[in-house]
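Coordinates in review
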Amino acid sequence: MAPLSAITLNVNDQVRQLEVDPRTSLLDALREHLRLSGTKKGCDHGQCGACTVLINGRRVNSCLTLAVMHENDAIVTIEGLGDPGHLHPMQRAFVERDGFQCGYCTPGQICSAVGMLAEVEAGWPSHVTADVATPGIALTDNEIRERMSGNICRCAAYPNIVAAIRGNAEGGPG
C-alpha cells in the first residue's frame, strides 16, 4: 500500500485538508473524501464528461487527473456554482429549458458549458469554427454541439441542452 499524501485542496472557495493515496483521482477525492456527490462517476475513462469540474476556470474531466496535482488550484464543482436558492445563470438556463431528463449528466454538462463559454469569450476556436481569423466566434448550434461533444447525455436531451447554453450565452432567459 502506498503511503498517504497530505494535500490541501481549494474546492468551491473552501480550503480542505485531506490524506489520500497519491493515486487517488480528483473525482474520487471529491466524491469519497469530501462527500461532494454532484460530480458523477460515469465511465471513469474520460469519455462521458459526467465528472467535469472547473479547475482555474477551465473544464477538466476529474476522473483523468490526480487529486495531488491540484494543490493551490481553484476547483469548482456543481455545488460551487450555485445552490437551490441562488442558481448560477447556466443552472437556471438548464431548468428553464428542460436541459436534463434523468439528471445524471447534468452537473458535468453545466460545468462544461460554463467552461466552454469562457473558451468562446477568450476566442479559442473549435474544429467547426468557420473563420479562425475573425475575432468573434459565432456561437451557432453546430459550434455548441462540437464544443460540448465530450459530454454525453444518455437520455438525448441535446436539443434542450443546446437551447439552454444558447439562451445563457445570449444573456436572455435560459
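Cut-offs and rules
Counting of residues starts from 1 at the beginning of each chain's written sequence and follows it residue by residue. Reporting in this predicted model follows two pLDDT cut-offs: at least 70 for local features of residues, and 80 or more for side-chain atom pairs to be given and counted; totals over whole chains, interfaces and linings ignore these cut-offs and use all residues. The side-chain quantities take in all heavy atoms of the structure and omit both hydrogens and water. UniProt positions are given in the numbering used here, feature names are shortened, and annotations may be inferred rather than shown by experiment. Boundary definitions for the domains trace back to an automatic or database domain assignment. Residues count as neighbours in contact if any of their non-hydrogen atoms are within 4.5 Å of one another. Once two parts are brought into contact, the accessible area they lose, counted with a 1.4 Å probe and summed over both, makes up the buried area. By definition, a salt bridge exists where a carboxyl oxygen of Asp or Glu is found within 4 Å of a side-chain nitrogen of Lys or Arg. Whether two strands pair comes down to DSSP finding at least two bridges between them. Secondary structure elements follow DSSP: runs of H or I of four or more residues count as helices, runs of E of two or more count as strands, with numbering from the N terminus. For every element, the axis is a line fit to its C-alpha atoms; helices are fit only across the contacting stretch, and the angle between N-to-C directions ranges from 0 to 180 degrees.

Per an unreviewed UniProt entry, the chain carries the name Xanthine dehydrogenase YagT iron-sulfur-binding subunit and comes from Streptomyces malaysiensis. The heading Pathway (unreviewed entry) in the UniProt record of the chain holds the text "Alkaloid degradation; nicotine degradation."

For the rest of this paragraph, the subject is the domain arrangement of the chain. Domain parsing of the chain yields domain 1 (5-79) and domain 2 (89-171). Placing a centre on the C-alpha atoms of domain 1 and another on those of domain 2 gives a separation of 22 Å. Between domain 1 and domain 2, the contact holds 17 residues from the first and 18 residues from the second. Three residues stand out in domain 1 for area buried against domain 2, namely Cys48, Arg59 and Ile78, and they jointly supply 44% of the buried area on that side. At the junction of domain 1 and domain 2, the tally comes to one salt bridge.

If you trace the five strands from one edge of the open sheet to the other, you get 2-1-5-3-4, paired in mixed fashion. The sheet is open, and its two borders are formed by strand 2 (14-20) and strand 4 (58-61), each paired with just one other strand. This sheet shows a mean twist of 40 degrees between the axes of neighbouring strands, independent of strand direction. Sheet topology note: the strand 3 (residues 52-55)/strand 4 ladder contains four bridges and is antiparallel. Counterpart to valine 53 in the pairing with strand 4 is valine 60. Each of strand 1 (5-11), strand 2, strand 3 and strand 5 (74-76) is contacted by helix 1 (residues 26-33), which is oriented at about 100 degrees to strand 2, the strand it contacts most.

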